[in-house]
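Below, each chain spelled out in residue letters.
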Protein chains: 2
Amino acid sequence: MTKISFRTRIEDLRRRELIEAAHRVFMQHGLGGMTTKRICEEAGMSPGILSYYFKGKEDVLFAMVRLNNRLLMEAVASGLAQATTRWGRLEAIIAGNFPEGLFEPNIANAWLSVCAASATNQRYARLQRIFYARLKSNLASVFRDVLPDARFKQIALALGTMIDGLWLRRATGEALTPQDSTALVLSVAVALLTEAERAELAA
Amino acid sequence: MTKISFRTRIEDLRRRELIEAAHRVFMQHGLGGMTTKRICEEAGMSPGILSYYFKGKEDVLFAMVRLNNRLLMEAVASGLAQATTRWGRLEAIIAGNFPEGLFEPNIANAWLSVCAASATNQRYARLQRIFYARLKSNLASVFRDVLPDARFKQIALALGTMIDGLWLRRATGEALTPQDSTALVLSVAVALLTEAERAELAA
DNA sequence: TAAATTTTTGTATGTGCGTTCAGTTTTTTG
DNA sequence: CAAAAAACTGAACGCACATACAAAAATTTA
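Residues numbered from 1 in each chain as written. Chains lettered and ligands numbered in written order. Predicted model: local features only at pLDDT ≥ 70, side-chain atom pairs only at ≥ 80, totals over all residues. Heavy atoms only, no water.

1. Thoughts on the environment of A:Asp12
For step 1, the next point in the chain: For A:Asp12, the location among the structural elements is in helix H1 (residues 2-29).
For step 2, the next point in the chain: A sequence separation of 39 residues divides A:Asp12 from A:Ser51, and the C-alpha atoms of the two residues are 15 Å apart. (Helix = DSSP H or I, 4+ residues; strand = E, 2+ residues; numbered from the N terminus.)

Structure follows, in structure tokens:
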């Protein structure tokens, strides 16, 4: 009993340390510059430890991406919980996609690399799909019963695309704040909707 | 005389063949899967040839990216030349950013990889900057003297971001045609402008 | 055609990587 | 406190890669 709980605690700790080290190495050296040696060094451990706690390098990478995705999704979920009107939920979804402290060049770049790698990596592609499905379903919860299907599709695509584009721009170092970005996406949402639709969403 | 001109012709030919081979390998195996051996094999040459015509692998990659960028820029330029009104120029710029036959998942993915690599590769970053500067300057030529500076900045950012976002989505395999994408960006442009502004642009 | 030059080949070399594993240290157990 | 188990080490291995290079083939020159 004690044995298992301790073992689990250490294991989880080390795994998390390695994931976070991997994340830091990734930020500094890019996807190509991530070596097991560097990751372990960054974590203050010996090179062999990685195989002890993970199946291999690919495993650490995947865990890292999954963790990041979870953080982003949670940011949206916590914002959504507090909103009362449909429009409030829309604001929460958009703002949640530009979390303070996470909407930074290196993190954006990490996400970009994963997008690119999705083309040749099934596991990444799956994470990606889950992420987009969640965004779309969140947006659907805002516009359901207010917009006809075709229009919803157009607006959801426009907003989702905008969010992606802003992250991409952020990855190149463009000086965008979470506030700027949220405001820009919202302004597009406002522009694309009729006054009547906006009123209905605000109710 | 004959000697030099022949030599140059062969040299340019081989370089181009290698660049195109590199491009095909890139499409199929991603940035990480590009090896000199594969490139040369794809070009139907022996592995050593690469060092003969290029400084190294990095050199081929850079040439490849530069060529792609040039193709995209030329697509825009040729469209721009035919437009007569400001609005026509706007349409040309946007449509030119989704060229038929180039707006495809593998090409989009290539571009994405380069974006990601720009973070740790100075030369890529420079190409990127040139590309964005060109887009911005093209958009400026449309809105100059019609919109105040702050508004131009907002709209240019919105449209540029949208274009980037659509390419990113295309990279993930989303079923977007050049026509869909152009229409979506234009619809956002229409929505963001006032009726008076649109009239002035159409003149 | 013979010499000279350019072009191409395929192997060799060195480097850096992920992973393994026998052994060592640390922690837990009884 | 010993015995056992877990956590960890770091050197060693094999592999894939970029690049270099000497030799060969093809082409041009005179």
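2. A short note on the side chain of B:Ser181
For step 1, the next point in the chain: As for its position among the elements, B:Ser181 is in helix H9 (residues 178-192).
For step 2, the next point in the chain: Not counting the four nearest positions on each side in its chain, B:Ser181 is found in contact with B:Phe98, B:Phe103, B:Leu166 and B:Leu176. (Contact = heavy atoms within 4.5 Å.)

3. Side note on the interface of chain A and chain B
The accessible area lost on association of the parts is a frequent measure of interface size.
For step 1, the next point in the chain: Listed by partner, the interface residues are 32 residues for chain A and 32 residues for chain B.
For step 2, the next point in the chain: In total, about 2,500 Å² of surface goes out of reach between chain A and chain B, with carbon and sulfur atoms giving 73% of it.
For step 3, the next point in the chain: At the boundary of chain A with chain B, the tally comes to two salt bridges.
For step 4, the next point in the chain: The salt bridge partner of B:Arg169 is A:Asp164, with a shortest N-O separation of 2.6 Å.
For step 5, the next point in the chain: Only H1, helix H6 (105-117), helix H7 (122-143), helix H8 (149-171) and helix H9 (178-192) of chain A provide two or more residues apiece to the side of chain A that touches chain B.
For step 6, the next point in the chain: At 11 residues, the largest contribution of residues to the side of chain A that touches chain B is made by H8(A). (Buried area = accessible area lost by both parts, 1.4 Å probe. Salt bridge = Lys/Arg side-chain N within 4 Å of Asp/Glu carboxyl O.)

4. Observations concerning the side chain of A:Arg169
For step 1, the next point in the chain: As for its placement among the helices and strands, A:Arg169 is situated in helix H8.
For step 2, the next point in the chain: Ignoring any residue separated from it by four or fewer positions in sequence, one finds A:Arg169 in contact with A:Glu174, A:Leu176, B:Tyr132, B:Leu135, B:Leu157, B:Gly160, B:Thr161 and B:Asp164.

5. With respect to unusual backbone geometry
Residue and element names in this part refer to chain A.
For step 1, the next point in the chain: You will see that Asp145, though not glycine, has its phi angle at about 70°, which is positive.
For step 2, the next point in the chain: Within the fold, Asp145 resides in the loop between H7 and H8.
For step 3, the next point in the chain: Classification of Asp145 by relative accessible area gives exposed; the value is 66%. (Buried < 20%, exposed > 50% of the residue type's maximum accessible area, 1.4 Å probe, protein only.)

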